[in-house]
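The primary structure of each chain is shown beneath.
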Amino acid sequence: HDELVRRYITEIHGIKPFGKSKLATVTSKARRVGHVRLSDVTPASILSYAKQRAGEIAPSTLNQELTYFAQAIDVARTLWNAPIKDNPMRSAMGVMSQLDMIQGSKKRNRRPTDHELQTLIHLAKDSWIAPIIKIAVETGLRQSEIHAIEWSDIDFTRGTLLIRNRKDP
(Lines give C-alpha, C1' and ligand atoms only; values in the text may rest on other atoms or scores of the structure.)
Protein backbone atom coordinates (compact mmCIF):
# COMPACT_ATOMS: atom_id res chain seq x y z
CA HIS A 1 0.00 0.00 0.00
CA ASP A 2 2.85 2.35 0.89
CA GLU A 3 4.55 1.54 -2.41
CA LEU A 4 1.25 2.07 -4.24
CA VAL A 5 0.76 5.50 -2.68
CA ARG A 6 4.37 6.54 -3.33
CA ARG A 7 4.08 5.47 -6.95
CA TYR A 8 0.67 7.16 -7.28
CA ILE A 9 2.12 10.42 -6.00
CA THR A 10 5.26 10.18 -8.12
CA GLU A 11 3.65 9.19 -11.39
CA ILE A 12 0.14 10.63 -11.34
CA HIS A 13 0.99 13.85 -9.50
CA GLY A 14 3.69 14.27 -12.17
CA ILE A 15 1.08 14.04 -14.94
CA LYS A 16 -1.77 15.96 -13.30
CA PRO A 17 -0.50 17.80 -10.22
CA PHE A 18 -2.61 17.38 -7.10
CA GLY A 19 -3.82 20.37 -5.16
CA LYS A 20 -2.04 21.04 -1.87
CA SER A 21 -4.94 19.59 0.08
CA LYS A 22 -5.04 16.33 -1.87
CA LEU A 23 -1.28 15.89 -1.72
CA ALA A 24 -1.23 16.50 2.04
CA THR A 25 -4.14 14.12 2.61
CA VAL A 26 -2.69 11.32 0.48
CA THR A 27 0.76 11.70 2.05
CA SER A 28 -0.48 11.77 5.64
CA LYS A 29 -2.92 8.91 5.20
CA ALA A 30 -0.21 6.84 3.53
CA ARG A 31 1.68 7.01 6.82
CA ARG A 32 -1.42 5.78 8.65
CA VAL A 33 -2.27 2.84 6.37
CA GLY A 34 0.90 2.37 4.33
CA HIS A 35 1.77 -0.89 6.08
CA VAL A 36 -1.38 -2.61 4.76
CA ARG A 37 -0.90 -4.76 1.68
CA LEU A 38 -3.24 -3.97 -1.21
CA SER A 39 -4.34 -7.60 -1.30
CA ASP A 40 -5.47 -7.25 2.35
CA VAL A 41 -7.69 -4.25 1.64
CA THR A 42 -11.26 -5.46 1.84
CA PRO A 43 -14.58 -3.68 2.23
CA ALA A 44 -14.65 -4.98 5.83
CA SER A 45 -11.19 -3.55 6.62
CA ILE A 46 -12.19 -0.25 5.04
CA LEU A 47 -15.37 -0.16 7.11
CA SER A 48 -13.31 -0.79 10.25
CA TYR A 49 -10.95 2.05 9.32
CA ALA A 50 -13.91 4.33 8.57
CA LYS A 51 -15.54 3.59 11.95
CA GLN A 52 -12.33 4.55 13.71
CA ARG A 53 -11.90 7.72 11.64
CA ALA A 54 -15.58 8.69 12.04
CA GLY A 55 -14.90 9.77 15.61
CA GLU A 56 -12.10 12.05 14.45
CA ILE A 57 -13.31 13.70 11.24
CA ALA A 58 -16.50 14.80 9.49
CA PRO A 59 -18.28 12.45 7.04
CA SER A 60 -17.32 14.72 4.14
CA THR A 61 -13.64 14.60 5.12
CA LEU A 62 -13.78 10.81 5.39
CA ASN A 63 -15.42 10.69 1.96
CA GLN A 64 -12.62 12.78 0.50
CA GLU A 65 -9.95 10.64 2.15
CA LEU A 66 -11.46 7.39 0.88
CA THR A 67 -12.03 8.85 -2.60
CA TYR A 68 -8.33 9.66 -2.94
CA PHE A 69 -7.40 6.09 -2.04
CA ALA A 70 -10.06 4.72 -4.39
CA GLN A 71 -8.50 6.76 -7.18
CA ALA A 72 -5.06 5.35 -6.37
CA ILE A 73 -6.44 1.80 -6.47
CA ASP A 74 -8.20 2.53 -9.79
CA VAL A 75 -4.88 3.67 -11.25
CA ALA A 76 -3.10 0.59 -9.90
CA ARG A 77 -5.72 -1.76 -11.37
CA THR A 78 -5.97 -0.01 -14.72
CA LEU A 79 -2.50 1.30 -15.49
CA TRP A 80 -0.20 -0.88 -13.40
CA ASN A 81 -2.06 -4.20 -13.70
CA ALA A 82 -2.39 -4.67 -9.94
CA PRO A 83 -3.72 -8.19 -9.41
CA ILE A 84 -7.08 -7.24 -7.90
CA LYS A 85 -10.43 -7.84 -9.55
CA ASP A 86 -12.50 -5.02 -8.09
CA ASN A 87 -11.79 -1.82 -6.18
CA PRO A 88 -12.74 -2.70 -2.59
CA MET A 89 -12.69 0.98 -1.67
CA ARG A 90 -15.46 1.79 -4.13
CA SER A 91 -17.57 -1.16 -2.91
CA ALA A 92 -17.18 -0.09 0.71
CA MET A 93 -17.88 3.55 -0.08
CA GLY A 94 -21.18 2.65 -1.75
CA VAL A 95 -22.40 0.98 1.42
CA MET A 96 -20.97 3.68 3.69
CA SER A 97 -22.82 6.30 1.66
CA GLN A 98 -26.09 4.43 2.16
CA LEU A 99 -25.36 4.33 5.91
CA ASP A 100 -24.59 8.09 5.93
CA MET A 101 -21.06 7.38 7.17
CA ILE A 102 -19.71 9.43 4.28
CA GLN A 103 -21.25 12.32 2.40
CA GLY A 104 -20.45 15.33 0.31
CA SER A 105 -19.51 18.66 1.81
CA LYS A 106 -22.32 20.71 3.25
CA LYS A 107 -23.00 24.02 1.60
CA ARG A 108 -22.14 26.95 3.77
CA ASN A 109 -23.93 30.23 3.55
CA ARG A 110 -23.02 31.89 6.84
CA ARG A 111 -20.80 34.91 6.61
CA PRO A 112 -19.11 36.65 9.51
CA THR A 113 -20.99 39.63 10.85
CA ASP A 114 -19.50 43.12 10.55
CA HIS A 115 -18.86 43.00 14.30
CA GLU A 116 -17.01 39.67 14.00
CA LEU A 117 -14.89 41.01 11.13
CA GLN A 118 -14.04 44.22 12.98
CA THR A 119 -13.11 42.20 16.08
CA LEU A 120 -10.90 39.92 14.01
CA ILE A 121 -9.16 42.82 12.28
CA HIS A 122 -8.74 44.63 15.61
CA LEU A 123 -7.14 41.56 17.20
CA ALA A 124 -4.79 41.22 14.23
CA LYS A 125 -4.03 44.95 13.91
CA ASP A 126 -0.31 44.73 14.69
CA SER A 127 0.20 41.61 12.61
CA TRP A 128 0.91 41.02 8.94
CA ILE A 129 -2.38 39.12 8.75
CA ALA A 130 -4.65 42.17 9.18
CA PRO A 131 -4.25 43.40 5.58
CA ILE A 132 -4.63 39.82 4.32
CA ILE A 133 -7.96 39.56 6.18
CA LYS A 134 -9.12 42.82 4.62
CA ILE A 135 -8.15 41.67 1.13
CA ALA A 136 -9.89 38.32 1.63
CA VAL A 137 -13.08 39.98 2.84
CA GLU A 138 -13.16 42.48 -0.01
CA THR A 139 -12.24 40.08 -2.81
CA GLY A 140 -13.33 36.60 -1.72
CA LEU A 141 -9.91 35.30 -2.74
CA ARG A 142 -8.40 32.17 -1.24
CA GLN A 143 -5.27 32.37 0.87
CA SER A 144 -3.09 30.91 -1.87
CA GLU A 145 -4.50 33.39 -4.40
CA ILE A 146 -3.75 36.32 -2.11
CA HIS A 147 -0.22 35.13 -1.43
CA ALA A 148 0.43 34.74 -5.16
CA ILE A 149 -0.31 38.42 -5.89
CA GLU A 150 2.68 40.30 -7.29
CA TRP A 151 3.08 44.08 -7.57
CA SER A 152 2.91 43.77 -11.35
CA ASP A 153 -0.59 42.24 -10.97
CA ILE A 154 -1.95 45.50 -9.53
CA ASP A 155 -3.07 48.30 -11.82
CA PHE A 156 -3.55 51.27 -9.50
CA THR A 157 -4.68 53.53 -12.35
CA ARG A 158 -7.58 51.31 -13.38
CA GLY A 159 -8.16 49.93 -9.88
CA THR A 160 -7.82 46.32 -11.02
CA LEU A 161 -6.04 43.22 -9.81
CA LEU A 162 -4.99 40.28 -11.97
CA ILE A 163 -5.57 36.94 -10.21
CA ARG A 164 -3.44 34.14 -11.62
CA ASN A 165 -4.34 30.45 -11.43
CA ARG A 166 -7.73 31.04 -9.85
CA LYS A 167 -9.12 27.80 -8.45
CA ASP A 168 -12.67 28.72 -9.43
CA PRO A 169 -12.55 31.10 -12.41
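Residues numbered from 1 in each chain as written. Predicted model: local features only at pLDDT ≥ 70, side-chain atom pairs only at ≥ 80, totals over all residues. Heavy atoms only, no water.

Participant: Would you explain the nonpolar core in this entry?
Facilitator: Looking at soluble globular proteins, one finds that nonpolar side chains tend to be buried together. Ranked by size, the top nonpolar core spans 32 residues in total, and within it Leu66, Met89 and Met96 carry the most contacts. Counting residues per element, the ones that place at least two in this core are α1 (2-15), α2 (20-33), α3 (43-54), α4 (59-79) and α5 (88-98). It is α4 that contributes the most residues to this core, 9 residues altogether. Among residues more than four places away in sequence, those in contact with Met96 are Ile46, Leu47, Ala50, Leu66, Met101 and Ile102. (Core = buried A, V, L, I, M, F, W, Y, C linked by side-chain atoms within 4.5 Å. Buried < 20%, exposed > 50% of the residue type's maximum accessible area, 1.4 Å probe, protein only. Helix = DSSP H or I, 4+ residues; strand = E, 2+ residues; numbered from the N terminus. Contact = heavy atoms within 4.5 Å.)

Participant: What's the story with unusual backbone geometry in this structure? I'm lost.
Facilitator: A negative phi holds for most residues other than glycine; trans holds for most peptide bonds. For Asn81, which is not a glycine, the phi torsion comes out positive at approximately 55°. Structurally, the position occupied by Asn81 is in the loop between α4 and α5. Judged by its relative accessible area of 64%, Asn81 is exposed. Positive phi outside glycine occurs at Asp100, with the angle close to 60°. By secondary structure assignment, the location of Asp100 is in the loop between α5 and α6 (114-123).

Participant: For this particular structure, what's the right way to read the packing of aromatic side chains?
Facilitator: Two numbers describe a pair of aromatic rings. These are the distance of the centres and the angle of the planes. Applying the stated criterion across every chain yields a total of 2 aromatic pairs. With 5.3 Å between their ring centres and 35° between their planes, Tyr8 and Phe18 make a pair best called tilted. With Tyr8 in helix α1 and Phe18 in the loop between α1 and α2, the pair connects residues that are 10 residues apart, well separated along the chain. Judged by relative accessible area, which is 10%, Phe18 ranks as buried. Above the ring of Phe18, the side-chain terminus of Lys22 is found at 4.5 Å from the ring centroid. (Phe/Tyr/Trp six-rings, centres within 6.5 Å; stacked < 30°, edge-to-face > 60°. Lys NZ or Arg CZ within 6 Å of the ring centre and 35° of its normal.)

Participant: What should I look at first to understand α3 in this one?
Facilitator: An α-helical turn contains 3.6 residues, so any two residues separated by three or four positions project in the same direction. Taking 1.5 Å of rise per residue, 12 residues should cover 16 Å, and α3 covers 16 Å from first to last C-alpha, within 8% of that figure. Of all the residues in α3, the buried ones are Ile46, Tyr49, Ala50 and Arg53. Taken end-on, α3 shows its buried residues confined to a sector of 100°, consistent with a single buried face. Set apart from the buried face of α3 by more than 90 degrees, the exposed residues are Ala44 and Lys51. (Expected span 1.5 Å × (residues − 1). Arc of directions from axis to C-beta.)

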